[in-house]
Amino acid sequence: MTYVEDELNSQPECWTRAAARAADHAPVLPAAGERVAIVGCGTSYFMAQAAAALREDAGLGETDAFAASEFPRGRRYDRVVALTRSGTTTEVLALLAELKGRTRTVALTADPGTPVMTAADDLVVLDFADERSVVQTRFATTALTLLRAHLGLHTDAVVADARTALAAELPEGLVERTQFTFLGRGWTVGLANEAGLKMREASLSWTEAYPAMEYRHGPISISTAGTATWMFGEAPEGLAEQVRETGAMWVPGELDPLAELVRAQRLAVAVAAARGLDPDRPRHLTRSVILAP
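Residues numbered from 1 in each chain as written. Predicted model: local features only at pLDDT ≥ 70, side-chain atom pairs only at ≥ 80, totals over all residues. Heavy atoms only, no water.

> Kindly report on the pattern of salt bridges, identifying the contributing residues and their values.
Within the structure shown, the criterion is met by 12 salt bridges. Here E62 and R35 are joined by a salt bridge, their closest N and O atoms 3.1 Å apart. Of the two residues, E62 is situated in the loop between helix 3 (43-57) and strand 2 (63-67) and R35 in the loop between helix 2 (11-25) and strand 1 (36-40); the sequence distance between them amounts to 27 residues. For E62, a relative accessible area of 39% translates into the label partly exposed. Overall, R35 belongs to the partly exposed group, its relative accessible area being 26%. A salt bridge links R263 to E260, with the nearest nitrogen and oxygen atoms 3.0 Å apart. Highlighted residues: R263 and E260, both in helix 10 (residues 257-274), separated by three residues, approximately one helical turn. For the pair R263 and E260, one class covers both residues: buried. Residues joined in a network through salt bridges with shared partners are E194, K198 and E201. (Salt bridge = Lys/Arg side-chain N within 4 Å of Asp/Glu carboxyl O. Helix = DSSP H or I, 4+ residues; strand = E, 2+ residues; numbered from the N terminus. Buried < 20%, exposed > 50% of the residue type's maximum accessible area, 1.4 Å probe, protein only.)

Given below as structure tokens:
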């Protein structure tokens, strides 16, 4: 078993631990009414997108998500939340240093022995969700689970769905597809983006991700019999039928969307195996992007 397989299989337990600790971390996480930005890079940026949409939709305050390198320097926030598994990512550390003494910052990280421990004002360490694989799975979803629990949006049903996602067979014929499109709405757009990234990293697949309502505005034109279109959450009316008319496989989101992401992680590993690739060693990637001065 690869590292990434072992790590993605441990997600139900990690989510349970994170949800149980949410109340302990509440004093350093965004309070209701605060204007908040959530930042990250790569996978962490996509989790930031999901968390920001969840918080704002819950009516708890204006919440934006940015890639750390694209943070708007002229905009003011009450708190900035940084997601960084490694605690060493150059863009995240540079932003935290710039905000020091001006905006309250909190970092969610997996490694307590890294520079982020002094770069951020407050810390949430999820060391039980750290990973050996370059490809992120459990840290990202565990960080998002913590934030969902902080918002009062996590239930035991989410963990049960994750166990189902790990146990159930993938749809027949899915691994053999040659192009994968992931769709989301609201907070699940970030999850769709992350599913696409997992497929690219682990299996070198041709993947795309869109807000579901945007799929009909051009992207559906590439759908063929070799395409799988996977919906995270409830689909817009009529979209499934339109996708099937192109000859593509339609994969409905039947579980909690975060559990659907677990299924997509499994797909990435399965496609990698079918193509003779090692998902623990993706091309041109390292566990953290550290830029030379």
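> Explain the packing of aromatic side chains to me, and be specific about the residues and the numbers.
The final tally for this structure, using the stated rule, is eight aromatic pairs. Where W230 meets F232, the ring centres are 6.1 Å apart and the plane angle is 20 degrees; that geometry is what we call stacked. Through pairs of rings, three or more aromatic residues link up here, namely F66, F71 and Y77. Its guanidinium or amino end placed over the ring of Y77, R35 lies 4.9 Å from that ring's centre, counting from NZ or CZ. (Phe/Tyr/Trp six-rings, centres within 6.5 Å; stacked < 30°, edge-to-face > 60°. Lys NZ or Arg CZ within 6 Å of the ring centre and 35° of its normal.)

> Provide a residue-level description of the environment of A202, including the pertinent values.
For A202, the position within the fold is in helix 8 (residues 188-203). Residue classification places A202 among the buried residues on the basis of a relative accessible area of 7%. Along the sequence, A202 and L277 sit 75 residues apart, while their C-alpha atoms lie 7.8 Å from each other. Aside from chain neighbours lying at most four places away, what touches A202 is A268, A272, L277 and P279. (Contact = heavy atoms within 4.5 Å.)

> Would you mind going over the packing of helix 6 (residues 138-150) against helix 10 in detail, with residue names and values included?
Pairs of packed helices are described in terms of their axes, by the angle between the two and the distance that separates them. In contact at an axis separation of 11 Å, helix 6 and helix 10 are set at 175 degrees when each is read in the N-to-C sense. Taken together, helix 6 and helix 10 sit at an angle that is classed as roughly antiparallel. For the pair formed by helix 6 and helix 10, the contact residues are T141, L144, T145 and R148 on the first element and L258, L261 and Q265 on the second. A per-class count over the contact of helix 6 with helix 10 returns three nonpolar, three polar and one charged. (Axes fitted to C-alpha atoms, helices over the stretch in contact; angles between N-to-C directions. Parallel < 35°, antiparallel > 145°, perpendicular 65-115°, else oblique. Nonpolar A, V, L, I, M, F, W, Y, C, P; charged D, E, K, R; others polar.)

> Quick rundown of helix 10? Include the residues and the values.
With 18 residues, helix 10 extends 25 Å between its outermost C-alpha atoms, agreeing within 8% with the 26 Å of an ideal straight helix rising 1.5 Å per residue. For helix 10, a buried count of 15 out of 18 residues is recorded, marking the element as mostly surrounded by other parts of the structure. Looking at where helix 10 begins, the residue whose side-chain oxygen comes 3.0 Å from the main-chain nitrogen of L258 is D256. The positive-phi residue at the C-terminal boundary of helix 10 is G276, with phi of around 75 degrees. (Expected span 1.5 Å × (residues − 1). Polar contact = N/O pair within 3.5 Å; in protein donor to acceptor, adjacent residues only side chain to side chain.)

> So what about the nonpolar core? Which residues, and what values?
L108, L144, F182, L191 and F232 are the most contacted members of the largest nonpolar core, which totals 65 residues. No other element matches the nine residues that helix 10 contributes to this core. In contact with F182, not counting residues within four places along its chain, are A192, A195, G196, M199, T207, E208, A209, Y210, W230, F232 and A264. Membership of the second largest hydrophobic core comes to 17 residues, among which are F66, A82, L95 and V116. (Core = buried A, V, L, I, M, F, W, Y, C linked by side-chain atoms within 4.5 Å.)

> Which residues make up the packing of helix 3 against helix 6, and what are the values?
Contact pair helix 3 / helix 6: the axes reach a minimum separation of 10 Å and the direction vectors enclose 20 degrees. Considering the angle they form, helix 3 stands roughly parallel to helix 6. Seen from above, helix 3 lies across helix 6 with right-handed handedness. Of the residues in helix 6, those touching helix 3 at T43, M47, A50, A51 and L54 are A140, T141, L144, L147 and R148. (Left-handed = near helix turned anticlockwise from the far one by under 90°.)

> Could you give an account of the sheet that holds strand 9 (residues 249-251), with specific residues and numbers?
Strand order in the open sheet made by the four strands is 7-6-8-9, with parallel pairing throughout. Two strands bound the open sheet, and with one partner strand each, they are strand 7 (206-211) and strand 9. Strand-to-strand twist across the sheet, computed as the mean angle between neighbouring axes with direction ignored, equals 20 degrees. Direction of pairing for strand 6 (residues 179-184) relative to strand 7: parallel, over a ladder of six bridges. Across the sheet, G184 pairs through a bridge with P211, a residue of strand 7. (Pairing = 2+ DSSP bridges.)

> Go over the side chain of T114, please, and point to the residues and values.
If you trace the backbone, T114 turns up in the loop between strand 4 (104-109) and helix 5 (116-119). With relative accessibility at 12%, the residue T114 sits in the buried group. A polar side-chain atom of T114 sits 3.0 Å from the main-chain carbonyl oxygen of D111. Apart from residues lying up to four places away in sequence, T114 is in contact with S86, G87, T88 and T109.

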